[in-house]
Amino acid sequence: MNWLTNRWTGVAAAIWIQWSCGSSYTFSIYSPLLKSTQNYSQSTLDTVSVFKDIGANFGVLSGLLYSAVTPYGDRQSKSSSFGGPWIVVAVGAVQCFVGFLFIWASVVGLIHQPPVSVMCFFAWLAANGQTFLNTTNVVTGLRNFPQYSGTIIGIMKGFLGLSGAILIQLYHTFFDGDPATFLLMLACLPAIISVLFMFLLRIYQVQDYDYKKHLDDFSMVTVIIVVYLMFIIILQNFVSLPYWSRVFTFVVLMVLLASPFGIAVKAHWEDSRIFSQGPSIETAAPTMEYQELPREEVQVHNTVDDALPLEQEKNLLQAMCTVEFWMLFVTMISGLGSGLATINNMSQIGQSLGYSTIEISNMVSLWSMWNFLGRFGGGHVSDYIMHKRGWPRPLLMTVTLGIMILGHLIIASGFPGNFYLGPVLVGICYGTNWSLMPTITSEIFGVQHMGTIFNTIAASSPLGSYILSVRVVGYIYDKEANKEDNSCFGIHCFMLSFLILAGVAFVAFLVGLALYFRTQKFYKQVVLRKLNYYVR
């Protein structure tokens, strides 16, 4: 097994691509500049933001491309320079570069102010590149570590959520007060990192070996990075750091981000002493320890509620014919659509409540931290409750949707400090559901077409964001705003909007609860089926 091309360097490479490609979470940094230079109203700015969200979440094309270039099962061939996940990464890198380059050129005046429809297209294009990178890292990780699907997806989704905070730290270090140059960086950085690491992303044979120890090492480094970022962000809230200290703290952050490659080298040498790596083809032979269950409960059926074939891999059209698909779709459009509406309006919410620019920027960064915590923690917790307790993953999804309702109500209340507490709850719950949805999708519909199916479900999130951001939040804000400068100050600017968002999240909660009861027996059968397979 080559020291450079192994599953662990693939994880480290995927982490770097993930933290660099989450530019959609930094919209609040450059949105005021975009609004002023293009003479947009709040509703128009929200429209551009929604197309950005559509691009960041409509990953059907990336799923189809991934399935085409990385065949599954008997059709899968050894990864080579002529095919594999790297092709999907290359396409995503090009899209990110072209989209943000156009937006930057428009903002700095290199080109004439484009029509809103054209700006929406390039916002979509820039963000859509993120789906190609994210789909590659998530699906490749799940296929390389199927026995720890929640954990690996939590790490991948977690770093995508964390990327907003990392990129904003880069902004404060080198581009503070210059969001135009920051836009140019968003065009170049993800493309460069993706090209550097894309050939390290491959699919490997799943050995009869417990990978949890090394995955826990990656998780530990991830937690250290989060704690460090939180310390820096909180420090920036109270102290104006000189330039040299900002550079120093950012260098330390880069060293921490480089540490996964050290873990990868260590894991490779430890693994090489245990077994010899086989050809880079996938086999479905994961290992997992499960608690012993009463013998009378070990009954494997072929259907779940007479609706879900247990062994069959479903394609997109087959999945769309199930009730479970549309339940997931509704929870995304309602629950995560309201979460997107929150992050898209963070700057305007902070301004209306009288917070300073630095406080708003830091809150955007902290929201990314909570988003990360939800994504990362959701994967680990869902693995635990399913494999150790036998509880369905939709149970955790339902609980987080209930907490999201509380977060929206706190923001609507307008009490002092609500801008710090409300987004924390919304961010954690939003991130948790992004981690759970791909894992639940792979378990209900199979792995073969997972990229296409979960990206189709994810496309419902920006649809909900459009309805809630433009037709609800943006409309009410413009109605309350001063007609001369399109600005609004006070609790009334967003109170009604977030009461509506809380009601929409409650609908998602009810649907998630129904999904939990519907799949309860199915998840018991999944655990017991794996138990029967591994103890035989």
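Everything numeric in this text was worked out from a predicted model, so none of it was measured.

(A) Local environment of the side chain of Asn137. Relative to the helices and strands, Asn137 resides in helix 6 (residues 116-144). Residues within four places of Asn137 in sequence aside, it is in contact with Ala14, Ile17, Gln18, Met156 and Leu201.

(B) Inspection of the packing of helix 3 (residues 42-57) against helix 18 (residues 460-480) at higher detail. Taken N-terminus to C-terminus, the directions of helix 3 and helix 18 make an angle of 170°; their axes are 9 Å apart at the nearest point. Between helix 3 and helix 18, the interaxial angle falls into the category roughly antiparallel. Here Gln42, Ser43, Asp46, Thr47, Val50, Asp53, Ile54 and Asn57 of helix 3 come into contact with helix 18, specifically with Ser461, Pro462, Ser465, Tyr466, Ser469, Val470, Gly474, Tyr475, Tyr477 and Asp478. Looking at the contact of helix 3 with helix 18 residue by residue, the classes come out as seven nonpolar, eight polar and three charged.

(C) Inspection of the nonpolar core at higher detail. Core analysis: the largest hydrophobic core is formed by 151 residues, its most contacted members being Trp8, Trp19, Leu34, Ile103, Leu162, Phe218 and Ile225. At 13 residues, helix 7 (residues 149-174) tops the list of elements feeding residues into this core. Discounting residues that sit within four places of it in the chain, Phe218 has contacts with Trp8, Val11, Ala12, Ile15, Ile155, Pro260, Ile263 and Ala264.

(D) Quick peek at the confidence of the model for the protein chain. Across the protein chain, the average pLDDT comes to 81, with 86% of residues at 70 or higher. Confidence drops under pLDDT 50 across residues 76-81; counting only partners more than four residues distant or on other chains, this segment forms 15 contacts. Low pLDDT, under 50, characterises residues 531-536; the stretch is placed with nine contacts to residues that sit more than four places away or in other chains.

(E) Geometry of the state of the cysteines. Scanning the model with the defined rule gives one disulfide in all. Each disulfide pairs two cysteine sulfurs, and for Cys488 the partner residue is Cys493, the sulfurs being separated by 2.0 Å. Measuring handedness by torsion sign, the sulfur bridge of Cys488 and Cys493 sits at about -95° and is left-handed. Given the relative accessible area of 3%, Cys488 is considered buried.

Here is what the cut-offs are and how they apply
Each chain has its residues counted from 1, running along the sequence as written. Restriction of local features to residues with pLDDT of at least 70 applies here, the model being predicted, together with a cutoff of 80 or more for giving and counting side-chain atom pairs; totals for whole chains, interfaces and linings are based on all residues. Heavy atoms throughout the structure, all of them, feed into the side-chain values; hydrogens and water do not. Numbering goes from the N terminus for both helices and strands, where a helix is a DSSP run of H or I of at least four residues and a strand is a run of E of at least two. Contacts are residue-level and defined by heavy atoms, with any inter-residue pair within 4.5 Å sufficient. Geometry is summarised by axes, namely lines fitted to C-alpha atoms with helices restricted to the contacting stretch, and by angles between N-to-C directions that run from 0 to 180 degrees. Here roughly perpendicular refers to angles of 65 to 115 degrees, roughly parallel to angles under 35, roughly antiparallel to angles over 145, and oblique to all remaining angles. Charged means Asp, Glu, Lys or Arg here, nonpolar means Ala, Val, Leu, Ile, Met, Phe, Trp, Tyr, Cys or Pro, and polar covers whatever is left, Gly included. Side-chain atoms within 4.5 Å are what join buried Ala, Val, Leu, Ile, Met, Phe, Trp, Tyr and Cys residues into a set we call a nonpolar core. Think of it in three bands: residues with accessible area under 20% of the maximum for their type are buried, residues over 50% are exposed, and the middle band is partly exposed, with areas taken using a 1.4 Å probe on protein chains only. A score between 0 and 100, pLDDT records how confident the predictor is in each residue. Any pair of cysteine sulfurs within 2.5 Å is marked as a disulfide.

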